[in-house]
Amino acid sequence: MKDELKKKDEQKLEEMQQEINAVDADEAEEAASESAESENEETQEPQDEAAAQIEKLTAELKEKEDRVLRLQADFENFRRRTSKEKEELSAVVTQGMLKDMLPLLDNFERAMAAEAKDGEAFQKGVEMIFTQFTEILKKNGLEHIEVEGQKFDPNFHQAVMRVQNADMEDDDIAQELQKGYMVKGRVIRPSMVQVVAN
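(A) Structural context of the side chain of H157. Mapped onto the secondary structure, H157 falls in strand β2 (residues 157-163). Taking relative accessible area as the criterion, H157 reaches 6% and is therefore assigned buried. When residues no more than four places from it in sequence are discounted, the contact partners of H157 are I145, E146, V147, K151, F152, I173, P190, S191 and V193.

(B) Seen up close, the sheet that holds β2. On the basis of which strands lie adjacent, the open sheet formed by 3 strands has the order β2-β6-β3 and mixed pairing. Two strands bound the open sheet, and with one partner strand each, they are β2 and β3 (173-178). Between one strand axis and the next, the sheet turns through 30° on average, direction left out of account. Here β2 pairs with strand β6 (residues 191-196) via 6 bridges, running parallel. Paired with V163 across the two strands is V196, which belongs to β6.

(C) Inspection of unusual backbone geometry at higher detail. In this structure, D171 is a non-glycine residue whose phi angle is positive, near 70°. Note on placement: D171 falls in the loop between β2 and β3. The phi torsion at K184 lies on the positive side, around 50°, for a residue other than glycine. Within the secondary structure, K184 is located in the loop between β4 (181-183) and β5 (186-189). Note on K184: relative accessible area 69%, which makes it exposed.

(D) Just the sheet that holds β4, in detail. Taken in spatial order, the 3 strands of this open sheet run β1-β4-β5, and their pairing is antiparallel. What marks the edges here is a single partner per strand, and that holds for β1 (142-144) and β5. Each strand axis lies, on average, 40° off the axis of its neighbour in the sheet, ignoring direction. The pairing of β4 with β5 spans 3 bridges and is classified as antiparallel. Pairing of M182 across the sheet is with V187, part of β5.

About the cut-offs
- Residues numbered from 1 in each chain as written.
- Predicted model: local features only at pLDDT ≥ 70, side-chain atom pairs only at ≥ 80, totals over all residues.
- Heavy atoms only, no water.
- Helix = DSSP H or I, 4+ residues; strand = E, 2+ residues; numbered from the N terminus.
- Buried < 20%, exposed > 50% of the residue type's maximum accessible area, 1.4 Å probe, protein only.
- Contact = heavy atoms within 4.5 Å.
- Pairing = 2+ DSSP bridges.
- Axes fitted to C-alpha atoms, helices over the stretch in contact; angles between N-to-C directions.

Dropping the structure here:
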């Protein structure tokens, strides 16, 4: 009887142990499942954040690319427009100057058509044409570069000779060999000069 009870106890103990093992296994499985789920949730959260960040950055990049393309198109339009305006302005300036020179051309034709019997009258006519021509050039912005009593300035003068002159200081301009000209403050031809070097 004692053996039977012992056997029953062992059997009961074994059943209980099996139940405990089953419960432990269930709990372990449940814990593993929860852990996997929490890991999935934890990895899912950063993945969602990363995807949202990528989406935001992609949208910003596209917006900036569109802006750059618009700016490039605007710049190209501006460049074309200014180029066209320059051409038109240049044509207007050229037309204006040529229109101013037409009376000069008429006077030259008259002088060439006249008989060259009276030399004095011919010379007077040429002087009148020269005066008219200089007036037209001045009207269009041409200025003579003054050299008399000036010091040599490489911005306005081109020294072609150095001469000695005890009456003048170094770098004084001794003589103008060819006139220099400016248009609205910009040198188009420097004066060709002799410069004093004692």
